[in-house]
Amino acid sequence: MDLFDLEGKAALVTGGNGGIGLGMAKALAEAGARVAIAGREEKKNAAALRELGDGAFSLIVDLKNEKACRAAVDEAARKLGRLDILVNNAGINIRKLPQELSLADWHEVMDTNLTSAFIASQAAYLHLKRAGGGKIINIGSMMSLFGAAYLAPYAASKAGIVQLTKALACAWAKDDIQVNAVLPGWIDTNLTRKARVELKGLDERVLARTPAGRWGIPDDLGGIAVFLSSPASDFVTGTAIPVDGGYSSQG
């Protein structure tokens, strides 16, 4: 048996139309899985599908909306014929100091990053159980571990992702559902490119602190996605794994 073979498996990747989500979706497809992506922007979804190739499809959905989120999971499972893998990757940030944040700002980030992951996981549970088990990968961040002045709701949501992961892992292990979190470091995406414009000197500080000496790219997350989706990780659950070029090892 090939421990990393995903042939016959079906995956849904939220926020899979760009950045880390697309990098993971491509790796899952290359490993043999049939892949659905969920995102808000039709043009981005269409561009992502061109990279994913035949067999992939997209769902246009605002995951902050509970009914829409649940319906998207059900629709993905229906179109795929089953659901074995859920990647909760949808995420945003609003870069303000804490005293400048409105409650609407707070909810926008928390509902997108954390609440949608809970809703999608809850909606996926019966599908995964029906398939005889499955995998959930929640995307945290190095900000699950660290704090930063301009990232209060983002860091709170990503820290919450880690604890949600542990709770779901404990609850669903008996159903042969493994739930793990991945904590990306500084990855070159549209979100971090904006941060580099807004925060002078960020690029230099990241390169100086990262032992690997470079920013990550979305494809760097492909291997961990395949591992955590495959039989190779059947006894791995409740973990939070940094993928950051050694950034978090600096203390």
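Residues numbered from 1 in each chain as written. Predicted model: local features only at pLDDT ≥ 70, side-chain atom pairs only at ≥ 80, totals over all residues. Heavy atoms only, no water.

1. Section: empty space enclosed by the protein
Just so we agree on the cut-off: Two kinds of site are reported from a 1 Å grid over the protein atoms alone, namely cavities, where a 1.4 Å probe fits but cannot get out, and pockets, open sets with protein on both sides within 12 Å along at least five of seven lines, and residues are called lining when an atom falls within 4 Å of a point. Grid points are joined across faces, edges and corners, and a volume is the space filled by probe spheres set on the points. In this description a helix means any DSSP run of H or I spanning at least four residues, a strand means any run of E spanning at least two, and both kinds are numbered starting from the N terminus. Put simply, Ala, Val, Leu, Ile, Met, Phe, Trp, Tyr, Cys and Pro go in the nonpolar bin, Asp, Glu, Lys and Arg in the charged bin, and everything else, Gly too, in the polar bin.
Per the stated rule, a full pass over the model turns up 1 cavity of 30 Å³ or more. Taken together, the elements giving at least two residues each to the lining of the largest cavity come down to α4 (103-130) and α5 (152-172). Looking at the lining of the largest cavity, the element that brings in the most residues is α4, giving 5 residues. Its residues assigned to classes, the lining of the largest cavity comprises 7 nonpolar, 6 polar and 1 charged.

2. With respect to the sheet that holds strand β5 (residues 134-139)
Selection criterion: Should DSSP find at least two bridges between two strands, the strands are taken to pair. An axis is simply a line fitted to the C-alpha atoms; with a helix, the fit covers only the stretch in contact. Between two such axes, the angle follows the N-to-C directions and lies from 0 to 180 degrees.
Strand order in the open sheet made by the 7 strands is β3-β2-β1-β4-β5-β6-β7, with parallel pairing throughout. In the strand order of this sheet, the two ends are held by β3 (57-60) and β7 (240-243), each with one partner. When the angles between neighbouring strand axes are averaged without regard to direction, this sheet yields 20°. In the sheet, strand β1 (residues 10-14) pairs with strand β4 (residues 85-88) via 3 bridges, with the strands oriented parallel.

3. Quick look at helix α8 (residues 222-229)
This is how it is decided: Whether a residue is buried, partly exposed or exposed follows from its accessible area with a 1.4 Å probe, protein chains only, as a fraction of its type maximum: under 20%, in between, or over 50%, in that order. Any pair of residues with heavy atoms lying within 4.5 Å of one another is described as a contacting pair.
For α8, the tally of buried residues reaches 6 of 8 residues, placing the bulk of the element in the interior. Taken as a whole, α8 has its buried residues at G222, I224, A225, V226, L228 and S229. Buried positions along α8 lie against α1 (19-30), β4, β5, β6 (177-184) and β7.

4. A word on the packing of aromatic side chains
Applied cut-off: Any two of the Phe, Tyr and Trp rings considered here, Trp counted by its six-membered ring, make a pair once their centres fall within 6.5 Å; the pair's planes then place it as stacked at under 30 degrees, edge-to-face at over 60, or tilted in between.
This structure, assessed with the given rule, holds 4 aromatic pairs. Ring geometry for F4 and F227: centres 6.5 Å apart, planes at 40°, overall tilted. Of this pair, F4 sits in the segment before β1 while F227 sits in helix α8, and the two are 223 residues apart along the sequence. Assessed through its relative accessible area of 43%, F4 is described here as partly exposed. Here F227 falls in the partly exposed class, since its relative accessible area comes to 24%.

5. A word on the nonpolar core
The tendency in soluble globular proteins is for nonpolar side chains to be buried as a group. Note the following rule: Residues belong to a common nonpolar core when they are buried Ala, Val, Leu, Ile, Met, Phe, Trp, Tyr or Cys residues joined through side-chain atoms within 4.5 Å.
Residues L12 and L83 are the most contacted members of the largest nonpolar core, which totals 37 residues. Listing elements by their share of this core, those giving two or more residues are β1, β2 (34-39), β3, α3 (66-80), α4, α5 and β6. Here this core gets 9 residues from one element, more than from any other, and that element is α4. Counting residues in hydrophobic clusters, the runner-up holds 28 residues, among them M24, A48, A56 and I187.

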